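Next come the chains, spelled out residue by residue.
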Amino acid sequence: MEIVEGIGIGVAVVVVALLILFIRRALFTRSGGIIRLSVRVTTMLDGRGWSPGFGRFAGDQLRWYRMFSFALRPKRVLSRKDLAVERRRLPEGQERFSMPADWVILRCTSHHAPVEIAMARSTVTGFLSWLEAAPPGAASPRLASQDWPAA
């Protein structure tokens, strides 16, 4: 009888954990301004270290949430004021296996540290528009290089 109770408790814990993940995702995606976005969290190995998630635009911030996390707070926050795109490239090597084929990788600089983000090619235009949007009269040195290679 104790084995059945243990299995039942284990199944209940797994069901509750999955329910929390789905509710969390539904709360964030309901409000709009959400994009699929992967962030490279480590550069220890070439082509590795990508973590899937989704980004949410909130004013002058892009808040990134890990896909498989119980946290309600973003794992990383990128400020539009401090962010500049250095270059973009297609996935290469091992990266081709960890993300969809139509994704583009953007190498950005921030006042904290360089960051690499990956998103669908169709999303890049909207991201760059958000990045370039600034209040009237504000200087906008957001794009470090205007002569990007075609992706």
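If you're wondering where the values come from, they're calculated on a predicted model, not measured in any experiment.

Thresholds, definitions, all that
- Residues numbered from 1 in each chain as written.
- Predicted model: local features only at pLDDT ≥ 70, side-chain atom pairs only at ≥ 80, totals over all residues.
- Heavy atoms only, no water.
- Helix = DSSP H or I, 4+ residues; strand = E, 2+ residues; numbered from the N terminus.
- Patch = residues over 30% accessible without salt bridge, like charges linked within 9 Å, V, L, I, M, F, W, Y side chains within 5 Å.
- Areas by Shrake-Rupley, 256 points an atom, 1.4 Å probe, with all protein chains shown as cover.
- Salt bridge = Lys/Arg side-chain N within 4 Å of Asp/Glu carboxyl O.
- Buried < 20%, exposed > 50% of the residue type's maximum accessible area, 1.4 Å probe, protein only.
- pLDDT = per-residue confidence, 0-100.
- Contact = heavy atoms within 4.5 Å.
- Core = buried A, V, L, I, M, F, W, Y, C linked by side-chain atoms within 4.5 Å.
- Phe/Tyr/Trp six-rings, centres within 6.5 Å; stacked < 30°, edge-to-face > 60°.

**Details of the environment of Arg 73**
So, step 1. Note that Arg 73 resides in the loop between strand E3 (61–66) and strand E4 (76–79).
So, step 2. Through-space distance from the C-alpha of Arg 73 to that of Arg 63 is 8.8 Å; in sequence the pair is 10 residues apart.

**Points about a nonpolar patch on the surface**
So, step 1. Together, Ile 3, Ile 7, Val 11 and Val 15 make up an exposed nonpolar region whose accessible area comes to about 410 Å².
So, step 2. As for its position among the elements, Ile 7 is in helix H1 (residues 2–30).
So, step 3. A relative accessible area of 54% means that Ile 7 is categorised as exposed.

**Re the confidence of the model for the protein**
So, step 1. Looking at the protein as a whole, its pLDDT mean stands at 79, while 77% of the residues score no less than 70.
So, step 2. Across residues 139–147, where pLDDT falls below 50, the model places 18 contacts with residues more than four positions away in sequence or in other chains.

**Describing the pattern of salt bridges**
So, step 1. A complete count under the given rule lists 7 salt bridges for this structure.
So, step 2. For Arg 40, the salt bridge is made with Glu 95, and the minimal N-O distance between the two is 3.9 Å. Pair noted here: Arg 40 is in strand E1 (residues 34–40) and Glu 95 is in helix H2 (residues 95–98), with a separation of 55 residues, a long-range link.
So, step 3. Look at Glu 95 and you get buried, because its relative accessible area is 2%.
So, step 4. For Glu 116, the salt bridge is made with Arg 40, and the minimal N-O distance between the two is 3.0 Å. Of this pair, Glu 116 sits in strand E7 (residues 115–120) while Arg 40 sits in strand E1, and the two are 76 residues apart along the sequence. Of the two residues, Glu 116 and Arg 40, both sit in the buried class.
So, step 5. Here the residues in one salt-bridge network are Arg 40, Arg 89, Glu 92, Glu 95 and Glu 116, joined through shared partners.

**Section: the nonpolar core**
So, step 1. Ranked by internal contacts, the top residues of the largest apolar core, which has 19 residues, are Leu 106, Ile 117 and Phe 127.
So, step 2. Looking at this core, the elements that each hand over two or more residues are E1, E3, strand E6 (103–109), E7 and helix H3 (121–132).
So, step 3. Per-element accounting of this core gives the leading share, 5 residues, to H3.
So, step 4. The contacts of Phe 127, once residues within four sequence positions are left out, are Phe 57, Leu 62, Leu 83, Val 85, Leu 106, Ile 117 and Met 119.
So, step 5. Trp 50, Met 99, Trp 103 and Ala 120 belong to the second-largest nonpolar core, a separate cluster that totals 6 residues.

**Remarks on the packing of aromatic side chains**
So, step 1. All told, the structure shown has 3 aromatic pairs when counted by the stated rule.
So, step 2. Ring centres 6.0 Å apart and planes at 35° place the aromatic pair Phe 127 and Trp 130 in the tilted group. Here the residue Phe 127 and the residue Trp 130 both occupy positions in helix H3, the gap between them amounting to 3 residues, near one helical turn. Per residue, the accessibility class of Phe 127 equals that of Trp 130, and both read buried.
So, step 3. An aromatic cluster is present here, built from Phe 57, Phe 127 and Trp 130 joined pairwise through their rings.

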